[in-house]
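Chain and residue survey
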Amino acid sequence: MTPLLQRAGKIKARRLAIGIFLALAVGAIAGGIRYWYGYFVLGQGTMVGLFIPWAANMLCPKDLPPGKTLKIPGSMMQVLILFICFMIAHAIGFGMAQPWFDPLGWLGRVLQDQTRETVWGISLMGGVAAKNFQLGVNGGFWIFLNLFDLFFMGFFLLVGVNSQPEGRQ
């Protein structure tokens, strides 16, 4: 097996731990921001998906000595771990920002068309889009926008987890 393929199957334990910590911290902050200021479609998912792997790589740039790497599941499992940590922290941050802690109750109300979420990335554009989105979205379209955003977050997490700095290629 080539050295690059051998290295691709191994990840630094410190980088994964830092990634998990960053996913938890960024998730809690993003949840609070989302509650107070609204949702920026493609903004949150893209920024988070790019930031977490980049910051983990910047905080832990050095390889462990040969033979000291830890073999763990592949890229998809790493992305799943980071994604789950982010989503749990996001729900907690969202709940902490509310007057009472009820993030899942709010989610149920949005899905049942009892409340709306502000989508300020679209509503600030003006014109017809602003008229349609200034009161927020809920129901099926809200689900579509969130899945769209989460797809990009997962994509950028996957790309970031598999990228290496220029000096180590």
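In short, a report on the structure. (Residues numbered from 1 in each chain as written. Predicted model: local features only at pLDDT ≥ 70, side-chain atom pairs only at ≥ 80, totals over all residues. Heavy atoms only, no water.)

Section: the overall build of the protein
In plain terms, the rule: The secondary structure listing takes helices from DSSP runs of H or I that are at least 4 residues long and strands from runs of E that are at least 2 residues long, numbered from the N terminus. Only protein chains enter the calculation, and the probe is 1.4 Å; a residue is then buried if its accessible area is under 20% of its type maximum, exposed if over 50%, and partly exposed in between. For every accessible area listed, the method is Shrake-Rupley and the probe measures 1.4 Å; residues are considered covered only by the protein chains on display.
When you go through the protein residue by residue, the secondary structure sums to 8 helices and 0 strands. Residues counted as buried form 40% of the 169 residues belonging to the protein. For the protein, the computed accessible surface area is about 10,200 Å², with 71% contributed by carbon and sulfur atoms.

Topic: the environment of leucine 50
Along the chain, leucine 50 falls in helix 3 (residues 43–59). Given a relative accessible area of 44%, leucine 50 falls into the partly exposed group. Considered as a pair, leucine 50 and methionine 153 are 103 residues apart in the sequence and their alpha carbons are 7.7 Å apart.

So, the nonpolar core
Rules: Definition of nonpolar core: a set of buried residues of the types Ala, Val, Leu, Ile, Met, Phe, Trp, Tyr and Cys, connected through side-chain atoms within 4.5 Å. Only heavy atoms matter for contacts: two residues are in contact if any of them lie within 4.5 Å across the pair.
Membership of the largest hydrophobic core comes to 14 residues, with the highest contact counts inside it found for Ala23, Val48, Ile52, Phe86 and Leu157. Counting only elements with at least two residues in this core, the list comes to helix 2 (13–37), helix 3, helix 4 (75–97) and helix 8 (139–162). Excluding residues that lie within four positions of it along the chain, alanine 23 makes contacts with Ile52, Leu82, Cys85, Phe86 and Ala89. The next biggest cluster of nonpolar side chains, apart from the first, holds 9 residues, and it includes Trp106, Val110, Val119 and Val137.

A closer look at a nonpolar patch on the surface
Definition in use: The patch calculation keeps residues exceeding 30% relative accessible area without a salt bridge and links them within 9 Å when they carry like charges or within 5 Å when they are nonpolar (Val, Leu, Ile, Met, Phe, Trp, Tyr). Here a salt bridge means any side-chain nitrogen of Lys or Arg lying within 4 Å of a carboxyl oxygen belonging to Asp or Glu.
Together, Met77, Leu80, Ile84, Ile88, Ile92, Met96 and Phe101 make up a nonpolar patch on the protein surface, roughly 680 Å² of accessible area in all. Relative to the helices and strands, isoleucine 92 is located in helix 4. Here isoleucine 92 falls in the partly exposed class, since its relative accessible area comes to 41%.

Section: the packing of helix 4 against helix 8
Selection criterion: Axis geometry follows a simple rule: fit a line to the C-alpha atoms, using only the stretch in contact for helices, then measure angles between N-to-C directions, giving values from 0 to 180 degrees. Here is the rule for angles: anything less than 35 degrees is roughly parallel, anything more than 145 is roughly antiparallel, 65 through 115 is roughly perpendicular, and the remaining ranges are oblique. We call a crossing left-handed when the near helix sits turned anticlockwise from the far one by less than a right angle, and right-handed when that turn is clockwise. Asp, Glu, Lys and Arg are counted as charged, while Ala, Val, Leu, Ile, Met, Phe, Trp, Tyr, Cys and Pro are counted as nonpolar; the rest, among them Gly, fall into the polar class.
Where helix 4 meets helix 8, the closest approach of the two axes is 9 Å, and the angle between their N-to-C directions is 130 degrees. Taken as axis vectors, helix 4 and helix 8 run oblique relative to one another. Here helix 4 and helix 8 pass one another in a crossing that is right-handed. From helix 4, Ser75, Met76, Gln78, Val79, Leu82, Phe83, Phe86 and Met87 reach across to helix 8, where they touch Leu150, Met153, Gly154, Leu157, Leu158, Val161 and Asn162. Partitioned by chemical class, the residues of the contact of helix 4 with helix 8 number 11 nonpolar, 4 polar and no charged.

Some words on the packing of aromatic side chains
Both the distance between ring centres and the angle between the ring planes are used here to describe each pair of aromatic rings. Our working rule: Here the aromatic set is Phe, Tyr and Trp, taking the six-membered ring for Trp, and pairing holds for ring centres within 6.5 Å; pairs whose planes are under 30 degrees apart are stacked, those over 60 apart are edge-to-face, and all others are tilted.
One pass over the full model with this rule turns up 8 aromatic pairs. Considering the side-chain rings of phenylalanine 148 and phenylalanine 152, the 5.2 Å spacing of their centres and the 70 degrees angle between planes classify their relative orientation as edge-to-face. In this pair, phenylalanine 148 and phenylalanine 152 both sit in helix 8, 4 residues apart, roughly one turn of the helix. A residue is classified by how much of its surface remains accessible, and phenylalanine 148, at 33% relative accessible area, is partly exposed. With centroids separated by 5.3 Å and ring planes inclined at 70 degrees, the aromatic side chains of phenylalanine 155 and phenylalanine 156 adopt a geometry described as edge-to-face. Linked through ring pairs, Phe141, Phe144, Phe148, Phe151 and Phe152 together constitute an aromatic cluster.

Bear in mind that shape data such as this cannot, by itself, settle questions of function.
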